[in-house]
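# Overview (structure and organization)
Next come the chains, spelled out residue by residue.
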Amino acid sequence: VGSSLPSLEAAVRGRVVTSASELARVGRDGSHLVGRPRAAVVPLDVDDVVAIVRWARRRRVPLVARGGGTSLDGESVPADGAVVVDLAAWNRIVEVRPEEGWARVGPGTVNRDLQARLEPYGAFFPPNPGSWRSSTVGGHVGTNASGPRSFRYGPTRSWIRSVELVLGTGERTQWGSLAPKRSVGPDLLSLFVGSEGTLGIATEVTVRLAPLPEVRRGLVVPVPPGARLGRVARTLAIARGTGLSAIEYLDARCAAELSGPGGLDRAGVGPVLLLELEADGPAEAAARLERIRGALRAAGVDRDPEIHEDADALWTVRGRASVVLDERVGARIREDVAVPLDRVDRLLRAVDRIAAAETVPVYLFGHLGEGNLHPNFVVAPESGRAGRIRSALLRAALSLGGTISGEHGIGALKRGFLAREIGRPGLAVLRAMKRACDPDAILNPGKLYPPDRRAGRSSRSPSGSATPGARPGAPTVASRRSERASRRARSPRRRGARP
Ligand SMILES: Cc1cc2nc3c(=O)[nH]c(=O)nc-3n(C[C@H](O)[C@H](O)[C@H](O)COP(=O)(O)OP(=O)(O)OC[C@H]3O[C@@H](n4cnc5c(N)ncnc54)[C@H](O)[C@@H]3O)c2cc1C
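All of these numbers come straight from a predicted model, not from anything done at the bench.

### Things to note about the confidence of the model for the chain
Here the chain averages 90 in pLDDT, and 90% of its residues register 70 or above. Throughout residues 456-499 the model reports pLDDT below 50, and contacts reaching past four residues in sequence, or to other chains, amount to 144 contacts.

### Focus on the side chain of T203
Structurally, the position occupied by T203 is in strand β11 (residues 200-208). Not counting residues within four places of it along the chain, the set of residues in contact with T203 comprises V46, V49, W90, P107, E164, L165 and V166.

### Concerning empty space enclosed by the protein
Here the structure, examined in full by the defined rule, presents 1 cavity of 30 Å³ or more. For the largest cavity, the calculated volume is near 150 Å³. Considering the residues around the largest cavity, the lining is formed by 15 residues, among which S31, H32, R332, R334 and P381 are closest to the centre.

### Some points on the environment of L72
Assignment of secondary structure puts L72 in the loop between β4 (63-66) and β5 (83-86). Put simply, L72 and I410 are 338 residues apart on the chain and 9.1 Å apart in space, counted from C-alpha to C-alpha. Filtering out sequence-adjacent residues up to four positions away, L72 remains in contact with D29, G30, S31, R334, H408 and L413.

### Considerations on the site of the ligand
Near the ligand, the surroundings consist of 33 residues, among which A65, T70, S131, T136 and S146 are the closest. Between the ligand and G67 there is a distance of 2.8 Å, counted from an oxygen atom to a backbone nitrogen or oxygen. A distance of 3.1 Å separates an oxygen atom of the ligand from a polar backbone atom of E196. Relative to its unbound accessible surface of 980 Å², the ligand loses 95% to contact with the protein. Elements represented by at least two residues in the shell around the ligand include exactly β4, α5 (137-143) and β11. Looking at the shell around the ligand element by element, the count peaks at 5 residues for α5. Split by residue class, the shell around the ligand holds 8 nonpolar, 21 polar and 4 charged.

### Observations regarding helix α14 (residues 384-399)
With 16 residues, α14 ought to run about 22 Å at 1.5 Å a step, and its terminal C-alpha atoms sit 22 Å apart, in line with that. All buried positions along α14 are accounted for by A386, G387, I389, R390, S391, L393, L394, A396 and A397. With its phi angle positive at about 80 degrees, G401 sits one or two positions after the end of α14.

### What to know about the nonpolar core
If you look at the biggest cluster of nonpolar residues, it comprises 82 residues, and the most contacted ones within it are V205, V207, L236, L273, L275 and F377. Of the residues forming this core, the biggest block, 6 residues, is contributed by helix α13 (residues 344-357). If near-sequence neighbours (up to four positions away) are discounted, L236 is found in contact with L244, I247, L273, L275, I292, A295 and L296. In terms of nonpolar packing, the next biggest core, distinct from the first, is built from 24 residues, A39, V46, A56 and I442 among them.

### Examining the sheet that holds β5
Strand order in the open sheet formed by 4 strands is β1-β3-β5-β4, with mixed pairing between adjacent strands. Since the sheet does not close on itself, it has two edges, and those belong to β1 (15-17) and β4, each with one partner. On average, each strand axis in the sheet is inclined to that of its neighbour by 25 degrees, with strand direction left out of account. Note: strand β3 (residues 39-42) against β5, 3 bridges, orientation parallel. By the bridge assignment, A39 is partnered in β5 with V83. Along the sheet, helix α3 (residues 46-59) makes contact with β3, β4 and β5, crossing β4 at roughly 150 degrees.

### Here's the deal with the packing of aromatic side chains
In the structure shown here, the tally under the stated rule is 3 aromatic pairs. Between the aromatic rings of F124 and Y153, the centroid separation amounts to 5.3 Å while the plane-to-plane angle is 90 degrees, which identifies the pairing as edge-to-face. Pair noted here: F124 is in strand β8 (residues 123-124) and Y153 is in helix α6 (residues 150-153), with a separation of 29 residues, a long-range link. No difference in accessibility class separates F124 from Y153, as the two residues are buried. With a centroid separation of 6.2 Å and 80 degrees between ring planes, the pair formed by W175 and F192 is classed as edge-to-face. One end of the pair, W175, is in strand β10 (residues 172-176); the other, F192, is in helix α7 (residues 188-192), with 17 residues separating them in the sequence. W175 sits in the buried class, given a relative accessible area of 12%. Put simply, the rings of F124, Y153 and W159 pair up and form one aromatic cluster. One residue, R208, lies across the ring of W159, its end atom 4.1 Å from the ring centre. Lying across the ring of Y363, R253 places its NZ or CZ 5.4 Å from the centre.

Thresholds, definitions, all that
- Residues numbered from 1 in each chain as written.
- Predicted model: local features only at pLDDT ≥ 70, side-chain atom pairs only at ≥ 80, totals over all residues.
- Heavy atoms only, no water.
- pLDDT = per-residue confidence, 0-100.
- Contact = heavy atoms within 4.5 Å.
- Helix = DSSP H or I, 4+ residues; strand = E, 2+ residues; numbered from the N terminus.
- 1 Å grid on protein atoms, 1.4 Å probe; cavity = no way out; pocket = protein on both sides within 12 Å on 5 of 7 lines; lining within 4 Å.
- Points joined across faces, edges and corners; volume = space filled by probe spheres on them.
- Near = heavy atom within 4 Å.
- Polar contact = N/O pair within 3.5 Å; in protein donor to acceptor, adjacent residues only side chain to side chain.
- Areas by Shrake-Rupley, 256 points an atom, 1.4 Å probe, with all protein chains shown as cover.
- Nonpolar A, V, L, I, M, F, W, Y, C, P; charged D, E, K, R; others polar.
- Expected span 1.5 Å × (residues − 1).
- Buried < 20%, exposed > 50% of the residue type's maximum accessible area, 1.4 Å probe, protein only.
- Core = buried A, V, L, I, M, F, W, Y, C linked by side-chain atoms within 4.5 Å.
- Pairing = 2+ DSSP bridges.
- Axes fitted to C-alpha atoms, helices over the stretch in contact; angles between N-to-C directions.
- Phe/Tyr/Trp six-rings, centres within 6.5 Å; stacked < 30°, edge-to-face > 60°.
- Lys NZ or Arg CZ within 6 Å of the ring centre and 35° of its normal.

In structure tokens, the structure reads:
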């Protein structure tokens, strides 16, 4: 494996890193999976990225673009023997044009740094995942990330004007435009957003900016027993003039874990809604708050909101949900499904049924206003039980007209379910696109696309796999070349529970 590295070092001007500690770091993401890359490379410039892709094509070596490494389904876990293209150092905010409504940034720009840079201009970049302190714009493009405020603003896909990228062919290209609007056929840029590093490597991203509202209040609202959450979500979502930008939910278990010093002041009160109200000035905020109270009452929630002047402080608490559960609850599977609002309560009942059938506790939080829930089942991620639970949950979401991923992506863990959602014709289109962009299937193999039966691969689960049909690191595309490339890329192993 190591023998090809001198030729990589000769091909690029950037650093090629092979230290054990660095390879261990880039072998993981926020999931329980672990891969064994042969090297990480920090390209110096776009020519270097082209050189890396050409080098990898010649040798059929898998490449994985990496930003903050916080993805949750193995999206950035490298196949064994892969080279990680580490873009974290590409964090330059190249140009901010608030009057034009955009900023040009390196893909490694951390969300929090971008927001800090934009604030003096009275602007912001709306996607705000809970990981915003360490996740990057390139990673947001890779997973089409969103966050609490996507209730009003939508996901990353809505906030990218253009991307410069190097395709898996080694060609440089730019998708999108600086124009505020555009209608040019099927949108290549939209296809790239959410493609999990499987089509190309973004080298620069132009993000759209939104004006910062003058007032942003966080509201914590206790949910009374028996409230129907779907009805609450729909009533709030369609109420006029509320200025709501986020409608979040924490079940009683999560609310209890997040309560206490530095957290919510709500120990023992049961489930809560976390809302954000935006307004231009205090008078408008007061009027909007009254309308929100009215909508809550109409939905059967008669408790008064607790008001936080600093909405970001509330999202900081909410963003800690995963970390706190890591510390206090430990190993679990963190799911991410979404359904239409009128079926939220049926999804919640399905979650309870699945947890009861498998006798595991479940902690649930999520973006209620978008029907996007994150049930966290406390079960060893590698166990057969975990696989059964995930399978039952994803099937339940699909049977309710929903989706297998609201925001985290597909990665290695859910690719066996992709065809159930997009259908065989849809999968064939995706595969054709993949072949066009990455004919040797070197970019992030084992992610997003399910193993191809026609290429002689079974999509049955390997024993002990967390997900039936998911074979991390296995080939992704039906082609002899991809078969050869993939044979060299052995699966990332699953590592033990994260503490
Ligand atoms: C505590 C915590 C909270 C989270 N909260 C949320 C949330 O609220 N909402 C949400 O949507 N997600 C959330 N996530 C998931 C994750 O943070 C997001 O998916 C985020 O966008 C990943 O960014 P990253 O920089 O870490 O990307 P990485 O993990 O490094 O990469 C993610 C994917 O993008 C690809 N990629 C990275 N850079 C590039 C590039 N330059 N070109 C092409 N492809 C690239 C990678 O190959 C990979 O497939 C959370 C994760 C954690 C750990």
